[in-house]
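# Per-entry structural report
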Amino acid sequence: MRGDRPALLTAVVAIAAVAGLHLNSAWGSTQPIFFTDEIGYLFNAEIMAGVGLTPSLTGGSYYLGWSVLLVPLWWVTQDPQNVYLGAMVLSVLCGVAVVVPAYLVARRLGLSPLAGILAAAAVSVAPSRTVMSNFALAENFIALLVAVSALAAFRFAERASLGRAAVLLGVTSYLAITHARLSPLAIAAGLWVVMLGLRRLPLLWALLVPVAVVVPGMLAYRAIVAPMYETAGREERGLGRLLSLDPAAALTATFGQLWYVFAAWFGFALLGLIWVAMRAVGEARERRIGIALWAAASFVGVLGISVVWIAGALERGDPRYDLYAYGRYLDSVLFLFALVGISRVRRGATRRLLLGWLVPSVLVTAIFFIFIVPQVPTAGAWFGPNSVPGIIQWEWPLLTAATSPPWIPASSAALFVVVAAIAATIERMPATRPAVLVATMALLAFSVSSVAAESRSIRPSYDAWYESFTLRHAVEAALARYPDAEIAFDDVRLSDSLGGADTVSHNAYQYWLVPRQLPVFDSAEDDPVGDLVISRKEWPQGEAVGARKVADDTGLFDNALWVLPGPVQDALAADGALVDGGVPSDR
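Residues numbered from 1 in each chain as written. Predicted model: local features only at pLDDT ≥ 70, side-chain atom pairs only at ≥ 80, totals over all residues. Heavy atoms only, no water.

Scanning the protein chain from N- to C-terminus turns up 23 helices and 5 strands. Based on the C-alpha atoms only, the size of the protein chain along its principal axes is roughly 90 × 60 × 55 Å. Taking all 587 residues of the protein chain together, 58% fall into the buried category. Carbon and sulfur atoms form 65% of the exposed surface of the protein chain, whose accessible area is close to 23,700 Å². (Helix = DSSP H or I, 4+ residues; strand = E, 2+ residues; numbered from the N terminus. Buried < 20%, exposed > 50% of the residue type's maximum accessible area, 1.4 Å probe, protein only. Areas by Shrake-Rupley, 256 points an atom, 1.4 Å probe, with all protein chains shown as cover.)

Laid out in structure tokens, this is it:
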């Protein structure tokens, strides 16, 4: 028992650190930031809960896997604010829970209990993971499912039973209906079961599991999201991008992401990827499918989906820094490869593997700087911190005095870790325990990086959002006084780009008014109707028919509440509740 005490104490401290860092990210997140992404998941849940009527949303549709977990929140409370906060709590819990399956995977990778818990905690507190606790997105839930999928894959590799095949296919299939970019994990798992099932026919019965998960999931998805969005589904857009893929843009996207694999995870994910690739080649030579081939095929599939998406954006000329080293899609699986990498830096690791770690690190970095960095736009560009979460602890343009993205410090830090880890392992210093030492250093480095990322990039980027959409309080006050008043949202002069510019207002006010329906119209094409209208702060179409302003929104977006001629306007004017005070209109 005494020998277990250090591991037990370390586990308590490590899990507390993981929880603290995820809570640090979530603290202060009082409303959605991504009124296309987050709102998509929340409205899916609202429709499934039967709480309100179907909204009319801009942006792209989202799958239902994460939304299913949010349904009970709508049953408990129909207050959109409380539902959002509940979704944040669930996201944080998922982010912390990743430690458990990650630890069990680490043990199967050969780490001791002490080293295993340190390594699992390290990959769980990397900024790529904690940053996602700022949002009510599916990312933390996806990471938990990916970790459970890896554990299920190990168990299936240890003993290929029907039950274990069903668990593996069930978890990976649910991943596919949570976000399509993770479908390669389900496809690879299905092929694995089929190949083994050709020799052991009972295993093939497990293929009924993905049918039972994916078919109802996709049918429900189509039925729920189709009425909410005018644009084509994600599948159609993805297929269109694949068919029009530009080879040069695809190469740029590929090598930019490979550099991210190296730099964002201090080289550990790249080492893990190299080791898995070596094992996968061995399995292929032996003409058998094992966990290494499943992991390698899954990574290649996720990378391919990400390349198609990014290449399309690059070809359109989107002025974004992050597209050239995009990381959010790959981070869904990279934390496990980083766990593999940490497990390899230990006593007994071969010099061939460790020195083979250095060569790809230098090669990927050289390609990135020689061919990719010169393509990055230098003027009028911007970046999304959540798209490159593994490297936002460094100084970025638009937020600090930096004049270019932090390619050099990120590369230098990762290369330093690679060289230091190789030196420490090859030297084999007396009393050194490389696995525990490396896992501890990774935990500290990732923890500091997460704190820096939050204070240096995330909050400065999004603080202004939390001061926006305050108009909803004026709307709520007006509707509380006049509950029978009709209210609508005016799309006039809003950007029509997919999820761009101020289109978020279109989604935001529909969300804040749940369960009340908020019809949407365009006053440039249709006459205003009803009593109250959310439109722009300057609204000549409304003023032409006698509309008067009740309140302006604050923050980033151009919205105001107007009241059309009628009893509601007369009452508000009599109370001096209009922006210009005034008197009742003469109708």
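From this point, things continue past the structure.
Another point: the nonpolar core. Among the nonpolar cores identified, the biggest contains 201 residues, and Trp259, Trp265, Phe268 and Trp357 are the most heavily contacted of them. For Trp265, the residues in contact, after removing those within four places along its chain, are Val123, Ala126, Ser128, Arg129, Tyr260, Asp331, Leu334, Phe335, Ala338 and Phe446. Of all hydrophobic cores here, the second largest spans 9 residues; its members include Phe521, Ala560, Trp562 and Leu564. (Core = buried A, V, L, I, M, F, W, Y, C linked by side-chain atoms within 4.5 Å. Contact = heavy atoms within 4.5 Å.)

On to the sheet that holds strand β1 (residues 487–490). Working definition: the strands of a sheet are paired by backbone hydrogen bonds and lie parallel or antiparallel to each other. Reading across from one edge, β2-β1-β3-β5-β4 is the order of the 5 strands in this open sheet, with mixed pairing throughout. If you trace the sheet from one side to the other, it starts and ends with β2 (520–521) and β4 (548–552), each paired once. When strand β3 (residues 532–535) meets strand β5 (residues 560–563), the two strands line up antiparallel, connected through 4 bridges. By the bridge assignment for β5, Ser535 is matched with Ala560. On top of the sheet, helix α21 (residues 504–512) reaches β1, β2 and β3; it is set at about 165° to β1, its chief contact. (Pairing = 2+ DSSP bridges. Axes fitted to C-alpha atoms, helices over the stretch in contact; angles between N-to-C directions.)

Enumeration over the complete set of coordinates arrives at 9 salt bridges. In this structure, Asp322 engages Arg320 in a salt bridge whose closest nitrogen and oxygen atoms are separated by 2.9 Å. The two residues Asp322 and Arg320 agree in class, both being buried. One connected set of salt bridges, linked through shared partners, spans Glu139, Arg181 and Arg328. (Salt bridge = Lys/Arg side-chain N within 4 Å of Asp/Glu carboxyl O.)

Glancing now at the packing of helix α3 (residues 65–76) against helix α4 (residues 80–97). Contact geometry for α3 and α4: axes closest at 9 Å, N-to-C directions at 135°. Our classification of the angle between α3 and α4 gives oblique. For the pair α3 and α4, the crossing hand works out as right-handed. In contact with Trp66, Leu69, Leu70, Leu73 and Trp74 of α3, α4 contributes Pro80, Val83, Gly86, Ala87, Leu90, Ser91 and Cys94. (Parallel < 35°, antiparallel > 145°, perpendicular 65-115°, else oblique. Left-handed = near helix turned anticlockwise from the far one by under 90°.)

Here Arg328 shows up in helix α16 (residues 328–344). Here the side chain of Arg328 touches Glu139 through a polar contact of 3.0 Å, side chain to side chain. Filtering out sequence-adjacent residues up to four positions away, Arg328 remains in contact with Asp37, Met132, Glu139, Arg181, Asn386, Ser387 and Pro389. (Polar contact = N/O pair within 3.5 Å; in protein donor to acceptor, adjacent residues only side chain to side chain.)

In this fold, Thr10 is placed in helix α1 (residues 5–26). Note on Thr10: relative accessible area 18%, which makes it buried. With near-sequence residues (within four places) excluded, Thr10 lies in contact with Leu114, Ile117 and Leu118.

It is worth spelling out helix α20 (residues 471–481) at this point. Among the residues of α20, Leu471, Arg472, Val475, Ala478 and Leu479 are the ones counted as buried. Within α20, the buried residues cover an arc of 125° as seen down the axis, which keeps them to one side. The inward-facing, buried residues of α20 abut α4, β1, α21, β3, β4 and β5. (Arc of directions from axis to C-beta.)

This part covers unusual backbone geometry. Residue Pro515 is reached from Val514 by a cis peptide bond, and omega for that bond is 10°. Structurally, the position occupied by Pro515 is in the loop between α21 and β2. With phi around 65°, Arg493 is a residue other than glycine that occupies positive phi space. Position of Arg493 relative to the elements: it lies in the loop between β1 and α21.

This part takes up the environment of Ser411. Secondary-structure assignment places Ser411 in helix α18 (residues 407–427). A relative accessible area of 3% places Ser411 in the buried class. Excluding its chain neighbours within four sequence positions, the residues that come into contact with Ser411 are Trp259, Phe262, Thr365 and Phe369.

Scored by pLDDT, the protein chain comes out at a mean of 90, with 93% of its residues at no less than 70. Of all helices and strands in the protein chain, the one with the weakest mean pLDDT is helix α12 (residues 234–243) (66), whereas helix α8 (residues 139–158) scores best (98). (pLDDT = per-residue confidence, 0-100.)

Now for α4. Helix length check: α4, at 18 residues, gives a terminal C-alpha distance of 26 Å against a target of 26 Å (1.5 Å per residue), a fit within 8%. Within α4, the full set of buried residues consists of Pro80, Gln81, Val83, Tyr84, Gly86, Ala87, Met88, Ser91, Val92, Cys94, Gly95 and Val96. For α4, the capping residue at the N-terminal end is Asp79, with a side-chain oxygen 2.9 Å from the backbone nitrogen of Gln81. (Expected span 1.5 Å × (residues − 1).)

Using the criterion set out here, one finds 31 aromatic pairs in the structure. Aromatic pair Phe43 and Tyr511: ring centres 5.8 Å apart, planes at 90°, arrangement edge-to-face. One end of the pair, Phe43, is in helix α2 (residues 37–49); the other, Tyr511, is in helix α21, with 468 residues separating them in the sequence. Grouping residues by exposure puts Phe43 and Tyr511 together as buried. (Phe/Tyr/Trp six-rings, centres within 6.5 Å; stacked < 30°, edge-to-face > 60°.)

Every second residue of β3 is oriented toward a common face, with Leu532 and Ile534 on one face and Val533 and Ser535 on the other, all of them buried. Bridge analysis of β1 against β3 gives 3 bridges, and the strand direction is parallel. If you follow Ala488 over to β3, its bridge partner there is Val533.

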